[in-house]
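Observations on chain architecture
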Amino acid sequence: MYPFALYRPASLADALAAFAAAGEQKYLAGGQTLLAALKLRLARPDRLIDIARLPELKGIRAEDGFLVVGAAATHAEVAGVDIPALAALAGSIGDLQVRNMGTLGGALANNDPAGDHQAAVLGLGAEIRTDRRCISADAFFTGMFETALEPGELIVAVAYPRPLRAGYAKLRNPASGYPVVGVFVAETEAGVRVAVTGAGHCVFRLPEFERALAANFSAAALQGLAVPPGDLNRDLHATAEYRAHLVGVLAARAVAAAG
Ligand SMILES: Cc1cc2nc3c(=O)[nH]c(=O)nc-3n(C[C@H](O)[C@H](O)[C@H](O)COP(=O)(O)OP(=O)(O)OC[C@H]3O[C@@H](n4cnc5c(N)ncnc54)[C@H](O)[C@@H]3O)c2cc1C
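Residues numbered from 1 in each chain as written. Predicted model: local features only at pLDDT ≥ 70, side-chain atom pairs only at ≥ 80, totals over all residues.

1. Focus: the domain arrangement of the chain
Segmentation of the chain into domains returns domain 1 (1-53) and domain 2 (165-258). Just the C-alpha atoms count here: the centres of domain 1 and domain 2 sit 35 Å apart. (Domains from an automatic or database assignment.)

2. Quick notes on the sheet that holds strand E12 (residues 179-188)
In space, the four strands of this open sheet follow the order E11-E12-E13-E14, with antiparallel pairing throughout. The sheet is open, and its two edges are formed by strand E11 (165-172) and strand E14 (204-205), each paired on a single side. Strands E11, E12, strand E13 (191-197) and E14 of the sheet are contacted by helix H7 (residues 116-124), whose axis makes an angle of about 25° with E12. The sheet strands contacting helix H9 (residues 207-215) are E12, E13 and E14, and the helix crosses E13 at an angle near 145°. (Pairing = 2+ DSSP bridges. Helix = DSSP H or I, 4+ residues; strand = E, 2+ residues; numbered from the N terminus. Contact = placed C-beta atoms within 7 Å. Axes fitted to C-alpha atoms, helices over the stretch in contact; angles between N-to-C directions.)

3. Remarks on H9
Within H9, the full set of buried residues consists of Phe 209, Ala 212 and Leu 213. The buried residues of H9 occupy an angular sector of 95° when the element is viewed end-on, so they sit on one face. Turned more than 90 degrees away from the buried face of H9, the exposed residues are Pro 207 and Ala 215. The secondary structure elements touched by the buried residues of H9 are E12, E13 and helix H10 (240-258). (Buried ≥ 20, exposed ≤ 12 C-beta atoms within 10 Å, placed from the backbone. Arc of directions from axis to C-beta.)

4. Digging into H7
Summarising burial for H7: nine of the nine residues are buried, a large majority. All of the buried residues in H7 are Asp 116, His 117, Gln 118, Ala 119, Ala 120, Val 121, Leu 122, Gly 123 and Leu 124.

5. Digging into the sheet that holds strand E7 (residues 134-136)
In space, the five strands of this open sheet follow the order E4-E5-E10-E6-E7, with antiparallel pairing throughout. Two strands lie at the open edges of the sheet, namely strand E4 (60-63) and E7, each paired on one side alone. Going across the sheet, the axis of each strand differs from the next one's by a mean of 25°, ignoring polarity. Direction of pairing for strand E6 (residues 127-130) relative to strand E10 (residues 155-161): antiparallel, over a ladder of four bridges. Among the inter-strand pairings, Thr 130 is bridged to a residue of E10, identified as Ile 155.

6. Quick notes on the pairing of E13
A large share of E13 lies buried, amounting to six of its seven residues. Note that E12 and E13 share seven bridges and pair antiparallel. Of the residues in E13, the one forming a bridge with Glu 187 is Val 192. Taken together, E12 and the strand that follows it, E13, pair antiparallel across an intervening segment of two residues. Counted along the chain from E13 to the antiparallel partner E14, the turn is six residues long, and its residue Gly 198 has a positive phi close to 85°.

7. Describing the site of the ligand
Residues in close proximity to the ligand total 30 residues, the closest being Gly 30, Gly 94, Gly 105, Gly 106 and Gly 177. Listed by contribution, the elements that provide at least two residues to the shell around the ligand are strand E2 (25-28), helix H6 (104-110) and H7. The greatest single-element share of the shell around the ligand, amounting to five residues, is contributed by H6. Its residues assigned to classes, the shell around the ligand shows 13 nonpolar, 15 polar and two charged. Formed jointly, the shell around the ligand draws a minimum of three residues from each of two domains, domain 1 (1-53) and domain 2 (165-258). (Near = placed C-beta within 6 Å. Nonpolar A, V, L, I, M, F, W, Y, C, P; charged D, E, K, R; others polar.)

8. A closer look at unusual backbone geometry
A positive phi angle is found at Arg 41, which is not glycine, with a value near 60°. In this fold, Arg 41 is placed in the loop between helix H2 (34-39) and strand E3 (47-50). A positive phi angle is found at Phe 145, which is not glycine, with a value near 55°. Looking at the element boundaries, Phe 145 is found in the loop between strand E8 (141-143) and strand E9 (146-147).

9. Topic: the nonpolar core
One finds Ile 51, Val 183, Phe 184, Val 185, Ala 251 and Ala 254 to be the most contacted residues of the largest nonpolar core, which totals 75 residues. For this core, the element with the highest residue contribution is H10, accounting for eight residues. Those residues within four positions of Ile 51 in sequence are excluded, and the remaining contacts are Ala 15, Tyr 27, Leu 28, Ala 29, Leu 57, Ala 72 and Leu 154. (Core = buried A, V, L, I, M, F, W, Y, C linked by C-beta atoms within 7 Å.)

10. Description of the environment of Tyr 27
Tracing the sequence through the fold places Tyr 27 in strand E2. Measuring from C-alpha to C-alpha, the distance between Tyr 27 and Asp 14 comes to 12 Å, with 13 residues separating the pair along the chain. Discounting chain neighbours no more than four positions away, the residues touching Tyr 27 are Ile 49, Ile 51 and Leu 154.

11. Brief notes about the pairing of E2
When E2 meets E3, the two strands line up parallel, connected through four bridges. Residue pairing in the sheet places Lys 26 in a bridge with Leu 48 of E3. The parallel pair E2 and E3, bridged by H2, forms a crossover whose chirality is right-handed. (Right-handed = clockwise from strand over helix to strand, strands pointing away.)

See the structure below:
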């Protein structure tokens, strides 16, 4: 690890001003990804700005049909929310230590192609609120470890529409907890959405599955639908063909879990 300074701002404004200072700055949330990258010397920031305790990024509240979760909410805190599919998803992440340290904002900013939260954010059609704008889930995830965030832009909160019904199913890697594939299915006032994580280079939706479920929200409606393995991930955990198979199986399980 290269040496760096650590700054703990007292407010959001203080954090944003600190980021604008000379030299390379990085926000530090739960540190579950960033500290590993620093240990491997993959990054060399001059200063880390610790945002994990900022009051503006903490808290979970109800707001006009939305559940608004602060970016510094830990996975353990999200596991206690009153949207059961989202709570179950957060409770399935990693292990106790990861869930107590890792944050929603850090997970979204990092945008691991197998991240769990990505599936709920895209599946519910949530809105990512930053210090400078609101970004729809459809516009936020732009590629592998890439998002629409601009340099220095800070995720403040995520606003999830409350679903009429929603379910999440994943095949969990027994070592890390990451989904080999995970599928989030939701019906909200805006319609049905199906989001897949772990299968491709970035979380993605399944329009054909969404149309079938909009007509008939049942696992039976998905019979005969398939995802071509062509662009899916292939690695030591699973072939692309196995992942394609899992998408169908897990989508049906997610619908069953949604009730
Ligand atoms: C052993 C292990 C198992 C794991 N298993 C899973 C799993 O099963 N499923 C899963 O989804 N994830 C898993 N993770 C990832 C973990 O859940 C963390 O969410 C993730 O590593 C990043 O969150 P963090 O708060 O630790 O962010 P950090 O590591 O602190 O930061 C990550 C990046 O995000 C940036 N950042 C942080 N917060 C913000 C913000 N509010 N706005 C803008 N940028 C920000 C940082 O600058 C940094 O670039 C695992 C991690 C480990 C180490």
